[in-house]
Amino acid sequence: MKRTFSLFRIITLPTVLLALKVANAFDFEQDILPILEDRCFDCHGEDKQKSGLRVDRRAGMLKGGDSGLPALVPGDPAKSYLMEVIEGSDPDMVMPPKGKALTKEQVGLFREWIAKGAEWPGQMLERVEDRTDHWSFQKVVRPEVPGSGGNPIDAFLNRRLKEEGLRLNGRAPARDMVRRASIVLTGLPPTPEETDEFVEAYKCGSEKAYAGLVDRLLSSPHFGERWAQHWLDVIRWAETNGSEANLYRKNAWIYRDYLVRVFNEDVPYDQFVREQIAGDSLGTGEATGFLVAGPHVPAATVGREPAAVRQARADRMDEIMQTVGASVMGVTIGCARCHNHKFDPITIQDYYAMTAAFQDVEFGSRFPEFSEDHPRRQRGQAIWKDIAKERSKLREFGGWEEDWGAFRELHFVPVKAKSVRIQFKMPNVSLDEIEAFGPEERQENLFDKGRDLKLSAYPDGDRNHYSRVNDGEYGTMAWRAKVDKDAEEQPWLQFDFAEAQTIDRLRLSANREYFYDTDYLDKKPYLPKYNFEFQILHEDGTWKTWAGTLHINTELDQLHKSRKPILDALQGHISRLAQEGPRPSFVGRFVRPQLTRVLLRGSPENPHDPVDPAGLKILGGDLGITQKAPGRERRVEFAEWITRPENPLTARVMANRIWHHVFGTGIVPTTSDFGVAGAKPSHPDLLDWLASEFVEPTERDSTPWSMKRMIRLIVMSEAFQRSSSPIPENLNKDANSRLLWRFPPRRVEAEVIRDSILQASGKLDRTIGGQSFRIHNVKKTYSQWEVVDNHGPGTWRRMLYQERMRRVDDKIFTAFDFPDCGQIRAKRPVSTTPLQALNLLNSPFVTEQAKIIVERAADEAGKASEINFLFRQLLTRDATKDELEACRGVAPELVARTLMNANEFVFLP
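Numbering of residues begins from 1 in every chain and follows the order in which that chain's sequence is written. Residues qualify for local features only when their pLDDT is at least 70, as the model is predicted, and side-chain atom pairs are given and counted only at 80 or more; totals for whole chains, interfaces and linings, by contrast, use all residues. To obtain the side-chain values, all non-hydrogen atoms of the structure were used and water was disregarded.

**Things to note about the nonpolar core**
- Among the nonpolar cores identified, the biggest contains 179 residues, and Trp231 and Phe358 are the most heavily contacted of them.
- Under the scheme used here, helices are H or I runs from DSSP no shorter than 4 residues and strands are E runs no shorter than 2 residues, and both carry numbers assigned from the N terminus. Sort the elements by how many residues they give to this core and helix H23 (residues 648-663) lands first, with 9 residues.
- Between two residues, a contact is recorded if the distance between any of their heavy atoms is within 4.5 Å. When neighbours within four sequence positions are excluded, phenylalanine 358 is seen to be in contact with Ile277, Leu291, Met317, Ile320, Met321, Val324, Arg635 and Phe638.
- Core analysis: the second largest hydrophobic core is formed by 35 residues, Val415, Val469, Phe495 and Leu556 among them. The set of buried Ala, Val, Leu, Ile, Met, Phe, Trp, Tyr and Cys residues whose side-chain atoms join them within 4.5 Å is what this entry labels a nonpolar core. Residue burial is assigned from relative accessible area. The probe radius is 1.4 Å, only protein chains are included, and a residue is buried under 20% of its type maximum, exposed over 50%, and partly exposed in between.

**A look at the packing of helix H18 (residues 375-395) against helix H21 (residues 563-580)**
- Contact geometry for H18 and H21: axes closest at 9 Å, N-to-C directions at 165°. The angle between H18 and H21 falls in the class roughly antiparallel. Crossing handedness for the pair H18 and H21: left-handed. Residues Arg376, Arg379, Gly380, Ile383, Trp384, Asp386, Ile387, Glu390, Arg391, Lys393 and Leu394 of H18 form the contact with H21, whose participating residues are Arg563, Ile566, Leu567, Ala569, Leu570, His573, Ile574, Arg576, Leu577, Gln579 and Glu580.
- Classification convention: Asp, Glu, Lys, Arg as charged; Ala, Val, Leu, Ile, Met, Phe, Trp, Tyr, Cys, Pro as nonpolar; all other residues, Gly among them, as polar. Within the contact of H18 with H21, the residues separate by chemical class into 10 nonpolar, 3 polar and 9 charged. Interaxial angle, 0 to 180 degrees, is taken between N-to-C directions of lines fitted to C-alpha atoms, where a helix line uses only the stretch in contact. Here is the rule for angles: anything less than 35 degrees is roughly parallel, anything more than 145 is roughly antiparallel, 65 through 115 is roughly perpendicular, and the remaining ranges are oblique. The sense of a crossing depends on the near helix, which, turned anticlockwise from the far helix by less than a right angle, makes the crossing left-handed and, turned clockwise, makes it right-handed.

**Looking at helix H10 (residues 192-204)**
- To estimate how far a helix should extend, the number of its residues minus one is multiplied by 1.5 Å. Here H10 spans 19 Å end to end across 13 residues, near enough to the 18 Å set by a 1.5 Å rise per residue.
- Turning to H10, its buried residues are Pro192, Thr195, Phe198, Val199 and Tyr202. The buried residues of H10 all sit within an arc of 125° when viewed along its axis, so they share a single face. Facing away from the buried side of H10 by more than 90 degrees, the exposed set consists of Glu193, Glu197 and Cys204.
- Where H10 is buried, its residues touch helix H9 (174-186), helix H11 (206-218) and helix H31 (866-875). Arc definition: directions from the helix axis to the C-beta atoms.

**Observations regarding the environment of aspartate 688**
- With respect to the helices and strands, the residue aspartate 688 is situated in helix H24 (residues 684-695).
- Note on aspartate 688: relative accessible area 13%, which makes it buried.
- In this structure, the C-alpha to C-alpha distance between aspartate 688 and asparagine 656, residues 32 residues apart in sequence, is 9.7 Å.
- Not counting residues up to four positions away in its chain, the partners in contact with aspartate 688 are Val140, Val141, Pro143 and Arg652.

**Comments concerning the confidence of the model for the protein chain**
- Per-residue pLDDT for the protein chain has a mean of 91; in total, 96% of the residues score no lower than 70.
- Summary of the metric used: pLDDT quantifies the predictor's per-residue confidence within the range 0 to 100. Note that residues 1-24 has pLDDT below 50 and, in this model, 47 contacts with residues that lie over four places away or in other chains.

**Looking at unusual backbone geometry**
- The omega torsion across methionine 95 and proline 96 is -10°, close enough to zero to call that bond cis.
- Proline 459 follows tyrosine 458 through a cis peptide bond whose omega is -20°.
- One non-glycine residue, serine 737, lies in positive phi territory at about 55°.
- Along the chain, serine 737 turns up in the loop between helix H27 (728-733) and strand S14 (746-747).
- On the accessibility criterion, serine 737 (2% relative accessible area) is buried.
- The phi dihedral of aspartate 817 is positive, around 65°, even though this residue is not glycine.
- Along the chain, aspartate 817 falls in the loop between helix H28 (750-761) and helix H29 (834-842).

**Details of H31**
- Burial of H31 is extensive: 9 of the 10 residues sit out of reach of the surface.
- Of all the positions in H31, only Ile867, Asn868, Phe869, Leu870, Phe871, Arg872, Gln873, Leu874 and Leu875 are classed as buried.
- Those residues of H31 hidden inside the fold are in contact with H10, H28, helix H30 (844-860), helix H32 (881-887), helix H33 (892-901) and helix H34 (903-906).
- Where H31 ends, the next residue or the one after it, threonine 876, has phi of about 50°, a positive value.

**Focus: the packing of H30 against H33**
- It is the contact of H30 with H33, at a shortest axis distance of 9 Å, that shows an interaxial angle of 120°. It follows that H30 is oblique to H33 by the angle criterion. With respect to the hand of their crossing, H30 and H33 are arranged in right-handed fashion. Every residue of H33 that contacts H30 at Val846, Thr847, Ala850, Lys851, Ile853 and Val854 is listed here: Pro892, Glu893, Ala896, Arg897 and Met900.
- Of the residues contributing to the contact of H30 with H33, the split by class is 7 nonpolar, 1 polar and 3 charged.

Pasting the structure below:
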């Protein structure tokens with residue numbers, strides 16, 4: 001494919017300036033140029049540029065090739081990639097190749113040349129300029145609407161149809177329109193009663209009736225469910241991690257519920273994007289589930305080998321890049337992980353600058369940050385007051401211990417010390433994390449490895465080293481210390497502070513990750529009842545016990561019998577808090593950002609120059625911050641950059657994505673790839689008008705970035721209301737109906753089929769939000785998920801709320817192209833297989849629901865035909881005389897299952 005952009009342009013000042021010589025300059029024309037001409041120009045010259053590198057121009061060497069690294073850094077041979085390849089330090093990238101390696105003397109000449117400034121007579125004032133001519137990276141300019149009056153969308157579409165000589169379809173029948181609008185906007189078909197009501201209203205005034213229908217559907221709570229599902233597809237969201245163990249992501253559903261609320265409340269799209277990137281600073285902490293929606297391999301599976309750990313971290317960052325790039329930016333940013341993008345103006349520096357913006361994000365759970373008015377926060381605050389009351393009662397007894405499921409927390413009288421020791425009274429200790437807190441900064445971990453302190457231990461743990469106890473990483477990577485049962489010295493941990501600290505709490509856990517992140521395991525994470533003493537170092541060099549589990553949990557209970565009911569009440573409040581207040585949820589956790597470098601060929605073992613957090617350079621992505629900025633600030637600045645109205649991708653991509661979900665195909669069919677390798681827009685002027693209207697609406701008092709308004713504008717068009725009937729001569733010119741001379745009919749998604757069946761049977765539970773329902777087993781860690789109940793009463797909610805497990809077939813609707821969440825599904829494929837018909841005839845779910853519909857028909861049809869009742873519930877119309885005759889003598893259950901297989905049931909008219 002032809003490359004349609006230039007990474008640099010050579011700009012030359014007057015020749016008289018180029019002739020200037022620097023005193024004592026290196027003799028380039030005698031010492032360097034002959035080598036370049038003999039060994040380099042054939043492959044990297046004017047006619048051919050292998051790996052995108054041109055070395056016959058100094059500007060080309062300054063820019064570098066596809067590796068993304070500058071071949072020349074004048075004055076610094078160590079940072080010049082040219083030296084790396086001609087020295088042969090990387091055996092996979094030795095240049096020149098094929099036995100033409102330079103001699104040591106020649107390599108020395110290049111080193112000297114670069115060290116002296118890489119003078120190149122006649123080219124010293126050439127400079128590099130990034131640019132691209134590709135349409136999607138150009139500024140959005142609002143075009144003039146063709147003609148006047150009516151919906152501007154139709155004006156653009158009809159002009160193109162006229163140019164192509166295509167005849168337009170008329171308006172669709174009322175029954176088709178109500179079904180089409182209902183499914184597109186809510187994912188649910190209309191009931192027979194809703195259909196009849198609309199048909200009658202339509203007779204009295206079609207435009208008013210249709211506008212009322214659209215407004216009612218947009219205000220339905222089921223609208224958010226439908227459009228949340230679309231977004232989940234794009235970002236590959238699921239409730240398992242997709243690895244070998246494919247472990248559950250506990251409480252990941254809280255992000256799904258956030259999406260439903262966002263679409264229902266019509267949160268402006270720019271705010272929606274900012275919340276997903278930096279919701280922890282905006283009172284919507286659950287929104288950052290977006291960043292960790294993709295798959296990942298947990299630490300236990302990665303192992304301990306340092307190179308594997310680094311590679312796994314790089315892979316997790318790439319998952320974030322794929323999510324952000326595909327969903328919001330509409331570019332394949334991941335293609336620049338190993339080298340400059342082959343087609344688009346995205347460099348490897350761009351890629352790693354973007355990873356720098358997200359370096360504080362790690363896959364895992366945390367307590368989401370909620371605004372003051374968030375219901376969970378308000379409930380949590382009330383329960384915390386109850387906890388504080390019980391704690392104040394216990395404080396007078398000298399100490400107590402709390403069980404928080406993920407960890408145990410020992411409270412005691414505050415003490416100030418410079419050196420403290422946790423002396424275990426047990427020969428075998430497994431500890432993934434230990435934290436200490438004081439009465440001042442209640443959430444500041446005084447044992448954190450980033451503080452000025454020294455950690456030591458006995459024994460060191462060898463392969464399971466003691467350094468893991470304060471690294472902030474929860475899980476199987478723990479300190480494991482074991483001594484003989486009768487050993488004189490038992491395990492201990494010692495913390496020496498630079499300055500004395502006041503401590504009144506210790507928090508210990510064995511595998512906090514499993515509690516926070518996983519569930520449905522037949523062997524739950526074991527939280528040991530640690531037996532230890534908290535000791536402080538006295539001035540005479542001896543260790544004195546200040547508090548201990550034996551004293552606090554046993555001796556104080558014996559001394560104070562009144563403690564037990566208080567402790568029981570406290571634990572009750574802790575349990576209620578976990579259920580009703582903010583809860584640890586798989587929406588990502590935050591770590592201290594590490595230095596970000598460009599990784600040559602994408603390998604963490606080949607780190608090169610550091611890069612500051614930034615967006616795409618071609619789009620003015622300078623965030624004005626360095627790597628010294630905290631992680632939250634990086635993401636806030638990135639979110640502000642990506643949602644600037646002048647960013648040409650953000651509005652175009654979302655306007656096109658909305659169009660795709662309405663009509664089945666986007667104006668740009670490749671909805672997550674607006675790059676050179678993506679498809680061209682069918683109506684570029686219409687797309688730019690939509691993008692402009694999205695950001696700056698022309699209607700007075702309209703909300704900028706309103707997704708509901710954009711959807712309403714599209715579904716109110718004549719194009720959406722057209723009949724789907726074929727016109728043979730049009731099909732010869734536009735077989736896919738992409739130009740919208742008719743509404744393109746299409747099969748509905750798996751969720752719509754399943755939810756429609758439940759609605760017809762009267763068993764659909766319409767409850768909005770909450771924990772997902774299960775169809776899978778409780779499993780061992782490395783076992784696979786198995787479907788155990790995919791049709792019982794506990795599953796009769798909308799399919800959106802079914803646990804979304806990676807790499808798991810639900811045995812029914814996966815056959816209808818339901819995504820496995822391993823890959824981005826900006827557009828679902830539509831296949832036709834025998835298994836689909838078999839599942840809609842014989843699966844336990846369908847046979848069960850068919851029986852229920854028939855029972856309902858017997859109860860509700862009255863004197864009317866039970867068969868006609870089935871037609872009305874499933875197809876929202878009466879059966880014809882021929883259909884009634886054909887069904888005569890056929891078992892009603894078989895009729896119901898047959899109607900579920902009908903194209904009329906599974907297609908959008």
